[in-house]
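Okay, here's what each chain looks like letter by letter:
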Amino acid sequence: MSDIIRRDPRAEWIARNRLHPLHAAMQPVQHSWMGPNGVIRKNPHGIGFIGPNGIKRIDRSGAQQGGAAKRTATVEVQLPLHQVAAPAFYIGVVPDMVGGRLSSHDRDLLGLAHQLAGEDGAVLAIVFGEHKENAFSTAGVDRLLVLEGNEFSGYAPEQRVQGLRAVDNQFSPRHWLLPDSRTGGGELGRRFAAAVGERPATRVWQVKDEHCIGRAGAGLQDLARPVARLILAAVECAEPVSDTRHEALPVELSTTVARSLSRIEDLGAVAVDPAAIPMAEAEFIFSGGNGVKDWGLFHRTAEALGATEGASRVAVDDGFMARDRQVGASGTWVTARVYVAVGISGAIQHLQGIGACDKVVAINLDPGCDMIKRADLSVIGESAEMLHALIAAVEAYRNGAKRDAA
Ligand SMILES: Cc1cc2nc3c(=O)[nH]c(=O)nc-3n(C[C@H](O)[C@H](O)[C@H](O)COP(=O)(O)OP(=O)(O)OC[C@H]3O[C@@H](n4cnc5c(N)ncnc54)[C@H](O)[C@@H]3O)c2cc1C
């Protein structure tokens, strides 16, 4: 087995959250503790484990008493299964699926859908084209409808509206939820609302007491209205589903989707210079801090990865990066899907700026620093060594892809 320490942030979160139903199962078993008189007490029954033949075995390596075992935070959890055999109604959710996977915004939306579905309703997720997601069940999807076909892939809002209308006719969802995002659900939701002749509730950040509250007036006012059938919800509109597993049963449309007039032609993505992308809009940021010792190598790695460069304040103050590259409370608040922090300690002012990033990768020498605690994936090591290895891995990957294409 590999020696690499893999963290499971979800398991760690449950272990900290005393109100979570699986909290008790996540606590380490105590084999010794200090009694009221200061004497150490031991539970002899707690030591050892039952082997495959039913015989008790004692492991003297110390692993069971918290030695090596403490290092692996991964705990297999089987969440209770939430089943809706015969849904009384549906809540339709159209996730953005950026990069073919559920984004954190999509997960918030599924959390909101479960609030609206209660015990009797089922959450129906509608996904267009191919996807790479395999966690629909833990994200809260009861029924999954995948609308396949080239006509739905790429930028095809008109055809997607046709697809949603077909779903609307067959399943008549009580509510429709779409992320009010700039790149996906925001436009699709408004087009769909126009097609079905309904007024959507937009930029909704809370649904409570039969009312939904949305931002209005350039973000300065809240607008409350009775819960609309069509809701375009903002990020953090609800807590994502975390304590149940769902069936994600595949369902199909009984009719074929009508073809829309092809007034829009998607000519594909256009290559852009990552350095020219404003920090607030960059999807992939490669950020350097005081732990970067070779800035030439840092720039070469960012170029090889095709990432937009960012920096901590120390890197900017020291003159290694331009002021407009600073990430954090007194710099730019970024929303990247992937944020790589090289040699950045994770000061609170920096972490504030990356709060909305989806996946954070940290490269750092110090396994105890706050950036490592925030990261979804951590690499403990010397930055220059890791950057050399990254460039080599990217080149090997690209050469392999070229060979396959030839
Ligand atoms: C009012 C105010 C506003 C601020 N606003 C911001 C802001 O917007 N953005 C911001 O970033 N900061 C801001 N700061 C500064 C912030 O508090 C920190 O000082 C700063 O973020 C630290 O930058 P750093 O992590 O790059 O440096 P350090 O704190 O010095 O951390 C360097 C990290 O690199 C690691 N390291 C060292 N050598 C190596 C190596 N060879 N390989 C790998 N890792 C290595 C170390 O373990 C350490 O974790 C603000 C501070 C104040 C007071």
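Placed above this text is the structure.
The present account deals with the structure reproduced in this document.

## Some details on the site of the ligand
Line of reasoning, step 1. The environment of the ligand is made up of 25 residues, and the closest members are S312, S330, S345, N364 and E382.
Line of reasoning, step 2. One of the backbone nitrogen or oxygen atoms of V327 is found 2.8 Å away from a nitrogen atom of the ligand.
Line of reasoning, step 3. In the environment of the ligand, a nitrogen atom lies 3.3 Å from a nitrogen or oxygen atom belonging to the backbone of L365.
Line of reasoning, step 4. Alone, the ligand offers 980 Å² of accessible surface; in the complex the protein occludes 73% of this.
Line of reasoning, step 5. When its residues are assigned to classes, the shell around the ligand shows six nonpolar, 15 polar and four charged.

## Regarding the sheet that holds strand 17 (residues 308-311)
Line of reasoning, step 1. Strand order in the open sheet made by the five strands is 17-16-18-19-20, with parallel pairing throughout. Unpaired on one side and paired on the other, strand 17 and strand 20 (377-380) mark the two borders of the sheet. Each neighbouring strand pair of the sheet contributes to a mean axis angle of 20°, computed without reference to strand direction.
Line of reasoning, step 2. As judged from the five bridges shared by strand 16 (residues 284-288) and strand 18 (residues 338-342), these two strands associate in the parallel manner. Within strand 18, the residue paired with S287 across the bridge is A341.

## Structural notes on the nonpolar core
Line of reasoning, step 1. Grouped together as the largest cluster of nonpolar side chains are 29 residues, with contacts concentrated most on L112, F136 and L177.
Line of reasoning, step 2. Looking at which element gives the most residues to this core, the answer is helix 2 (residues 104-117), with six residues.
Line of reasoning, step 3. Among all residues touching L112, those that are not within four sequence positions of it are L177, V207, A233, C237 and A238.

## Examining helix 4 (residues 157-171)
Line of reasoning, step 1. Compared with an ideal rise of 1.5 Å per residue, which puts 15 residues at 21 Å, helix 4 spans 21 Å between its outermost C-alpha atoms and is within 8% of the ideal.
Line of reasoning, step 2. For helix 4, the tally of buried residues reaches eleven of 15 residues, placing the bulk of the element in the interior.
Line of reasoning, step 3. Taken together, the buried positions of helix 4 are P157, E158, Q159, R160, V161, G163, L164, A166, V167, D168 and F171.
Line of reasoning, step 4. Where the residues of helix 4 are buried, they touch strand 6 (90-93), strand 7 (122-128), strand 8 (143-147), strand 9 (175-179) and helix 5 (185-196).
Line of reasoning, step 5. A positive phi of about 40° marks S172, the residue just after helix 4.

## A word on the packing of aromatic side chains
Line of reasoning, step 1. Counted according to the given criterion, the structure contains six aromatic pairs.
Line of reasoning, step 2. Centre to centre, the rings of F128 and F152 are 5.5 Å apart; their planes meet at 35°, and the pair counts as tilted. On the criterion of sequence distance, the pair formed by F128 in strand 7 and F152 in the loop between strand 8 and helix 4 is long-range, its members being 24 residues apart.
Line of reasoning, step 3. Note on W176 and F192: the rings are 5.1 Å apart at their centroids and 80° apart in plane angle, and the pair reads as edge-to-face. Residue W176 is found in strand 9, and its partner F192 is found in helix 5; the two are separated by 16 residues along the sequence. Each of the two residues, W176 as well as F192, counts as buried.
Line of reasoning, step 4. When the ring centre of F89 is taken as origin, the NZ or CZ atom of R174, which lies over that ring, is 3.6 Å away.

## Points about the pairing of strand 11 (residues 211-216)
Line of reasoning, step 1. Both strand 10 (residues 201-208) and strand 11 contribute to a ladder of four bridges, which runs antiparallel. In the strand pairing of strand 11, K208 is matched with H211.
Line of reasoning, step 2. Between strand 10 and strand 11, which pair antiparallel one after the other, the connecting turn spans two residues, and D209 there sits at a positive phi close to 50°.
Line of reasoning, step 3. Pairing of strand 11 with strand 12 (residues 221-226), which is carried by six bridges, proceeds in the antiparallel orientation. By the bridge assignment, C212 is partnered in strand 12 with R225.

## Observations regarding the sheet that holds strand 7
Line of reasoning, step 1. Ordered in space as 12-11-10-13-9-6-7-8-15, the nine strands form an open sheet in which the pairing is mixed. Edge positions in the sheet fall to strand 12 and strand 15 (249-250), since each of these pairs with one other strand and no more.
Line of reasoning, step 2. Of the strand pairs in this sheet, strand 7 and strand 8 are connected by five bridges, and their pairing is parallel. Along strand 8, the bridge assignment pairs A125 with L144.
Line of reasoning, step 3. Packing of helix 2 onto the sheet brings it into contact with strand 6, strand 7, strand 9, strand 10 and strand 13 (230-233), and relative to strand 9 it is tilted by some 165°.
Line of reasoning, step 4. On the sheet, helix 5 packs against strand 7, strand 9, strand 10 and strand 13 and is oriented at approximately 165° with respect to strand 13.

## Description of the packing of helix 4 against helix 5
Line of reasoning, step 1. The interhelical angle for the contact between helix 4 and helix 5, taken along N-to-C directions, is 55°, at an axis separation of 9 Å. Classed by the angle they form, the pair helix 4 and helix 5 counts as oblique. Where helix 4 crosses over helix 5, the handedness of that crossing is right-handed. Contacts from P157, E158, R160, V161, L164, R165 and D168 of helix 4 reach helix 5 at E187, L188, R191, F192, A195 and V196.
Line of reasoning, step 2. Taken together, the residues of the contact of helix 4 with helix 5 sort by class into seven nonpolar, no polar and six charged.

## What about unusual backbone geometry?
Peptide bonds are trans in most cases, and residues, glycine excluded, mostly fall at negative phi.
Line of reasoning, step 1. The phi dihedral of A218 falls on the positive side, at around 55°, and the residue is not glycine.
Line of reasoning, step 2. Here A218 shows up in the loop between strand 11 and strand 12.
Line of reasoning, step 3. In this structure, E236 is a non-glycine residue whose phi angle is positive, near 60°.
Line of reasoning, step 4. With respect to the element layout, E236 can be found in the loop between strand 13 and strand 14 (245-246).
Line of reasoning, step 5. We classify E236 as exposed; its relative accessible area is 64%.

## Let's talk about the side chain of S312
Line of reasoning, step 1. Of note, S312 is situated in the loop between strand 17 and helix 7 (313-317).
Line of reasoning, step 2. Accessibility expressed as a relative area gives 8% for S312, which makes it buried.
Line of reasoning, step 3. Each residue touching S312, except ones within four places of it in the same chain, is listed here: G288, G289, N290, Q326, I344 and H350.

The rules behind each value
- Residues numbered from 1 in each chain as written.
- Predicted model: local features only at pLDDT ≥ 70, side-chain atom pairs only at ≥ 80, totals over all residues.
- Heavy atoms only, no water.
- Near = heavy atom within 4 Å.
- Polar contact = N/O pair within 3.5 Å; in protein donor to acceptor, adjacent residues only side chain to side chain.
- Areas by Shrake-Rupley, 256 points an atom, 1.4 Å probe, with all protein chains shown as cover.
- Nonpolar A, V, L, I, M, F, W, Y, C, P; charged D, E, K, R; others polar.
- Pairing = 2+ DSSP bridges.
- Helix = DSSP H or I, 4+ residues; strand = E, 2+ residues; numbered from the N terminus.
- Axes fitted to C-alpha atoms, helices over the stretch in contact; angles between N-to-C directions.
- Core = buried A, V, L, I, M, F, W, Y, C linked by side-chain atoms within 4.5 Å.
- Buried < 20%, exposed > 50% of the residue type's maximum accessible area, 1.4 Å probe, protein only.
- Contact = heavy atoms within 4.5 Å.
- Expected span 1.5 Å × (residues − 1).
- Phe/Tyr/Trp six-rings, centres within 6.5 Å; stacked < 30°, edge-to-face > 60°.
- Lys NZ or Arg CZ within 6 Å of the ring centre and 35° of its normal.
- Parallel < 35°, antiparallel > 145°, perpendicular 65-115°, else oblique.
- Left-handed = near helix turned anticlockwise from the far one by under 90°.

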